[in-house]
Amino acid sequence: MIDYLIVGAGIAGLSFAELSLQNDKSFKVIENYSTNASRIAGGLYNPVILKRFSEVWKAKEQLEFALPFLQCIESKLNVKFDYKIPIYRKFASIEEQNNWFQAADKPNLGPFLSTKIIHRQYQSISSQFGFGEVLQTGYVEIATLVDHYINFLKGSDLFFNETFDYNAIVFKDNYIEYKGIAFKNIVFAEGFGLKNNPFFNYLPLDGTKGELLIIKAPDLNLDVVLKSSIFILPIGNDMFKVGATYNWTDKDDFPTEEGKNELISNLRELIDCDFQIVKHFAGVRPTVKDRRPLVGTHHIYKNFHILNGLGTRGVMLGPWLAKALFENVENGISLDSNIDIKRFDKRNNICRG
């Protein structure tokens, strides 16, 4: 009997697969590529919410686990996808500078915010009030990670490229069968695809559409991630990733003219050089109304588990949440109440036996 059937091969599902491998647990991964939020995400890891100069929830714990975990995968696959790069927050006023210094004085934010204002002059970028540098930052080329990891799984016959059929589940006393294969557990890591899951679609996954651009700008001599109303991420060869929009009503993966125009408008406010749009893409982030992930076990089907709701910070959250769920299932270690789906029991009139 196989320990886990993992539904979804984004950063959440693949993190759970890697933890299963590291702990000698058997598994299969199934994915149909119907959603692409992981694959097209910006991939930044940043411990600070730069709109308000506040700490990302559990940022220290997430980074301490995620970064060595991802480095281990890099070594195993012999591929580079984790790049250390500073993030500069452009200041718009003296007031923002002062707010930055106040935030840097807080014990939880001090390790992540440099107290030196950077007055470096960048070609094509005006910066009257300078920049603040966020520390312990970088980005992951998620498409590279996902593609190489899936190829690794295929080479070990651990991957199915197909649409998961909920009706094909056959319930047994202490396990389930799926298309003739016996599994002890199912982990649903479907991202926004959760909306089609009859076992967990009662959960308040909201979904936020994001659009990004890849631009070519030979005169934009930028070697850091620049953050203002949007981010500009250098990816080499005069190419930059620009994002992102936030749309709470549109729930498909199709790029829009409205999204493109919003990004272009914000980009032109930030840089004054010519650029060419090379690619425009979109995806729906798995966001939750209370801004906390969805992790835990079904109230009736005790071998059905969920790993979802990573929102905009999947690189930091994915490995850390996968570890929390794995330890909960295998060792009975309690989940943090902020991530546990039990927090929605009362709202949905659920009684757990």
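Just so it is clear, the model here is predicted, and its values are computed rather than measured.

## Structural notes on the overall build of the protein
So, point 1. Along the backbone of the protein there are seven helices and 20 strands.
So, point 2. Against the 2.2 N^0.38 benchmark of 20 Å for 353 residues, the protein shows a C-alpha radius of gyration of 21 Å, consistent with a compact globule.
So, point 3. The C-alpha extent of the protein, read off along each of the three principal axes, is 70 × 40 × 40 Å.
So, point 4. For the protein, buried positions account for 53% of its 353 residues.
So, point 5. In the protein, the proportion of contacts linking residues at least 24 apart, taken out of those at least 6 apart, comes to 72%.
So, point 6. Summing over all exposed atoms, the protein offers an accessible surface of approximately 16,000 Å²; the carbon and sulfur share of this is 47%.
So, point 7. Charge centroids of the protein, computed over 40 positive and 41 negative side chains, lie 3 Å from each other.

## With respect to the side chain of Asp82
So, point 1. Mapped onto the elements, Asp82 comes out in strand β6 (residues 82-84).
So, point 2. A polar contact of 2.6 Å, which involves the side chain of Asp82, links it to the side chain of Tyr45.
So, point 3. Look past the residues within four positions of Asp82 in its chain and what remains in contact with it is Tyr45, Leu67, Gln71, Glu74, Tyr139 and Val140.

## Description of the pattern of salt bridges
So, point 1. Within the structure shown, the criterion is met by 17 salt bridges.
So, point 2. Between Asp3 and Lys184 there is a salt bridge, with the nearest N and O atoms lying 3.3 Å from each other. Here Lys184 lies in strand β13 (residues 181-188) and Asp3 lies in strand β1 (residues 2-7), a separation of 181 residues in the sequence.
So, point 3. Taking the relative accessible area as the measure of exposure, Lys184 reaches 39% and is therefore partly exposed.

## Some points on the side chain of Ser15
So, point 1. With respect to the element layout, Ser15 can be found in helix α1 (residues 11-22).
So, point 2. Given a relative accessible area of 3%, Ser15 falls into the buried group.
So, point 3. With residues up to four places along the chain from it excluded, the contact list for Ser15 reads Phe69, Gly318, Pro319 and Ala322.

## Digging into unusual backbone geometry
Most peptide bonds are trans, and most residues other than glycine sit at a negative phi.
So, point 1. Cis geometry marks the peptide bond from Gly243 to Ala244; its omega dihedral reads -5°.
So, point 2. Along the chain, Ala244 turns up in the loop between β17 (239-243) and α6 (257-270).
So, point 3. Backbone geometry at Ser124 places phi at a positive 75°, although glycine is not the residue there.
So, point 4. Examined against the element boundaries, Ser124 turns out to sit in the loop between α4 (94-104) and β8 (131-134).
So, point 5. By relative accessible area, which is 14% here, Ser124 ends up buried.
So, point 6. In the Ramachandran plot, Lys179 falls in the positive-phi region, its phi being about 50° despite a non-glycine side chain.
So, point 7. With respect to the helices and strands, the residue Lys179 is situated in the loop between β12 (176-178) and β13.

## Quick word on the packing of aromatic side chains
So, point 1. A complete count under the given rule lists 26 aromatic pairs for this structure.
So, point 2. Measuring from ring centre to ring centre gives 6.3 Å for Tyr4 and Phe326, while their planes differ by 40°; the resulting arrangement is tilted. Of the two residues, Tyr4 is situated in strand β1 and Phe326 in helix α7 (residues 314-331); the sequence distance between them amounts to 322 residues.
So, point 3. Judged by its relative accessible area of 0%, Tyr4 is buried.
So, point 4. Judged by relative accessible area, which is 6%, Phe326 ranks as buried.
So, point 5. The structure contains a cluster of three or more aromatic residues connected by ring pairs, namely Phe164, Tyr166, Phe171, Tyr178, Phe188, Phe199, Phe200, Tyr301 and Phe304.
So, point 6. Over the ring of Tyr83 we find Lys80, and its NZ or CZ is 5.4 Å from the ring centre.

Parameters and conventions
- Residues numbered from 1 in each chain as written.
- Predicted model: local features only at pLDDT ≥ 70, side-chain atom pairs only at ≥ 80, totals over all residues.
- Heavy atoms only, no water.
- Helix = DSSP H or I, 4+ residues; strand = E, 2+ residues; numbered from the N terminus.
- Rg over C-alpha atoms; globule rule 2.2 N^0.38 Å.
- Buried < 20%, exposed > 50% of the residue type's maximum accessible area, 1.4 Å probe, protein only.
- Contact = heavy atoms within 4.5 Å.
- Areas by Shrake-Rupley, 256 points an atom, 1.4 Å probe, with all protein chains shown as cover.
- Lys, Arg positive; Asp, Glu negative; His and termini not counted.
- Charge placed at Lys NZ, Arg CZ, Asp CG, Glu CD.
- Polar contact = N/O pair within 3.5 Å; in protein donor to acceptor, adjacent residues only side chain to side chain.
- Salt bridge = Lys/Arg side-chain N within 4 Å of Asp/Glu carboxyl O.
- Phe/Tyr/Trp six-rings, centres within 6.5 Å; stacked < 30°, edge-to-face > 60°.
- Lys NZ or Arg CZ within 6 Å of the ring centre and 35° of its normal.

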